[in-house]
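Chain and residue survey
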Amino acid sequence: MVHPGNGNASGTLLNALLHHAPQLAGIPRAGIVHRLDKDTSGLLVVAKTLTAQTDLVRQMQARSVQRHYLALALGTVERDGTVDAPLGRHAVQRTKMAIVRAGGKEARTHYAVLERFAKATLLECRLETGRTHQIRVHLASIKHPLAGDPVYGKTKSGDARLDAFPRQALHAWRLALRHPATEAAMVWESPLPADFAALLEELRRA
């Protein structure tokens, strides 16, 4: 978990940041600029000063921060595409997000096919907006939910390896932004974590 919430008062990224860098207590959200869903691996941004946080938040609002994800979606995705569908809270299950045509917030996800397997497709997803659960909801809406997604991906693939994966197969692998002080272009990449990489290798061998 990134932020403390109901049932998660401790053990979050925010708690860890304050432990290791107590000076972040003077910055809103301990400097966290954006968040990842629980159990999504990869990169996110933390600002060490209020000035940096303000600038980075503005970059996020201007949609100039580039965020690329690797996503293992169930089924065969035939071609690259874009999901342009507004998101909001689910009308009944308030912990979930859903496509909400009336009153939802603009949300746009671009996806490209990287590799196909018998029962799944590895995608690179690029966020144009950054709504809660955006990739997960958008891919589920086109009938290709993420492998292992406990909320939006209850469809069984028929492949025991995919169905047993213990979290959503989503990794924030590339992040690009402008340095808030020097304005230099900055890019980071994060390799796949061991569990995701091992799953892909098993699928390749099959």
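What you are looking at is a predicted structure, and each value in this text was computed from that prediction instead of being measured. (Residues numbered from 1 in each chain as written. Predicted model: local features only at pLDDT ≥ 70, side-chain atom pairs only at ≥ 80, totals over all residues. Heavy atoms only, no water.)

1. A closer look at the side chain of Ser41
Inspection of the secondary structure assignment puts Ser41 in strand β1 (residues 41-42). Here the side chain of Ser41 touches Arg167 through a polar contact of 3.4 Å, side chain to side chain. Dropping the residues within four chain positions of it, Ser41 is found in contact with Leu36, Arg167, Leu170, His171, Ala172 and Pro193. (Helix = DSSP H or I, 4+ residues; strand = E, 2+ residues; numbered from the N terminus. Polar contact = N/O pair within 3.5 Å; in protein donor to acceptor, adjacent residues only side chain to side chain. Contact = heavy atoms within 4.5 Å.)

2. Let's talk about the environment of His34
By secondary structure assignment, the location of His34 is in the loop between α1 (13-20) and β1. Setting aside anything within four residues of it in sequence, one finds His34 in contact with Leu43, Leu44, Val45, Met60 and Arg67. There is a polar contact of 3.1 Å between the side chain of His34 and the backbone nitrogen of Val45.

3. Focus on empty space enclosed by the protein
This model, assessed by the stated rule, comprises one cavity of 30 Å³ or more. Taken as a whole, the largest cavity encloses approximately 40 Å³ of empty space. As for the largest cavity, its lining consists of His34, Leu43, Arg67, His68, Tyr69, Ala172, Arg174 and Leu175. The residue inventory of the lining of the largest cavity, partitioned by class, reads four nonpolar, two polar and two charged. (1 Å grid on protein atoms, 1.4 Å probe; cavity = no way out; pocket = protein on both sides within 12 Å on 5 of 7 lines; lining within 4 Å. Points joined across faces, edges and corners; volume = space filled by probe spheres on them. Nonpolar A, V, L, I, M, F, W, Y, C, P; charged D, E, K, R; others polar.)

4. Quick notes on the environment of Gly42
Within the secondary structure layout, Gly42 lies in strand β1. Overall, Gly42 belongs to the partly exposed group, its relative accessible area being 37%. Among residues more than four places away in sequence, those in contact with Gly42 are Leu36, His171, Ala172 and Ser190. (Buried < 20%, exposed > 50% of the residue type's maximum accessible area, 1.4 Å probe, protein only.)

5. Here's the deal with the pattern of salt bridges
Considering all chains together, one arrives at 12 salt bridges under this definition. For Asp37, the salt bridge identified is with Arg136, shortest N-O distance 3.1 Å. With Asp37 in the loop between α1 and β1 and Arg136 in helix α3 (residues 134-141), the pair connects residues that are 99 residues apart, well separated along the chain. Take Arg136: its relative accessible area is 5%, and that puts it in the buried class. One salt bridge connects Arg108 with Glu128, and the closest N-O pair in it is separated by 2.6 Å. (Salt bridge = Lys/Arg side-chain N within 4 Å of Asp/Glu carboxyl O.)

6. Some remarks on the nonpolar core
Tyr69, Leu123, Cys125, Ile135 and Leu139 are the most contacted members of the largest nonpolar core, which totals 17 residues. Membership of the second largest hydrophobic core comes to 13 residues, among which are Leu122, Leu162, Phe165 and Phe196. (Core = buried A, V, L, I, M, F, W, Y, C linked by side-chain atoms within 4.5 Å.)

7. A few points about the pairing of strand β3 (residues 81-84)
Covered by surrounding structure in β3 are Gly81 and Val83 only, the residues Thr82 and Asp84 on the alternate face being uncovered. Where β3 meets strand β6 (residues 108-116), four bridges bridge the pair, whose relative direction is antiparallel. Within the sheet, the bridge partner assigned to Gly81 lies in β6 and is Tyr111. (Pairing = 2+ DSSP bridges.)

8. What about unusual backbone geometry?
In this structure, His133 takes a positive phi of about 60° despite not being glycine. Note that His133 resides in the loop between β7 (120-127) and α3. Phi is positive for Lys143, close to 70°, though the residue is something other than glycine. Its location among the elements puts Lys143 in the loop between α3 and α4 (160-163). A relative accessible area of 69% places Lys143 in the exposed class.

9. Re the environment of Ala85
Relative to the elements of secondary structure, Ala85 occurs in the loop between β3 and β4 (87-89). Sequence separation between Ala85 and Gln61 is 24 residues; the distance between their C-alpha atoms is 18 Å. Once residues lying within four places of it in the same chain are set aside, the contact partners of Ala85 are Ile99, Arg101, Ala107 and His138.

10. Overview of the pairing of strand β2 (residues 66-74)
When you tally the buried positions in β2, you get eight out of nine residues, the bulk of the element. The pairing of β2 with strand β8 (residues 170-178) spans six bridges and is classified as antiparallel. Following the sheet pairing, Ala71 is matched in β8 by Leu170. Here seven bridges tie β2 to β7, and the two strands are oriented antiparallel to one another. Considered in β7, the bridge of Ala71 is made with Leu123.

Read these as layout, nothing more, since geometry by itself doesn't imply function.
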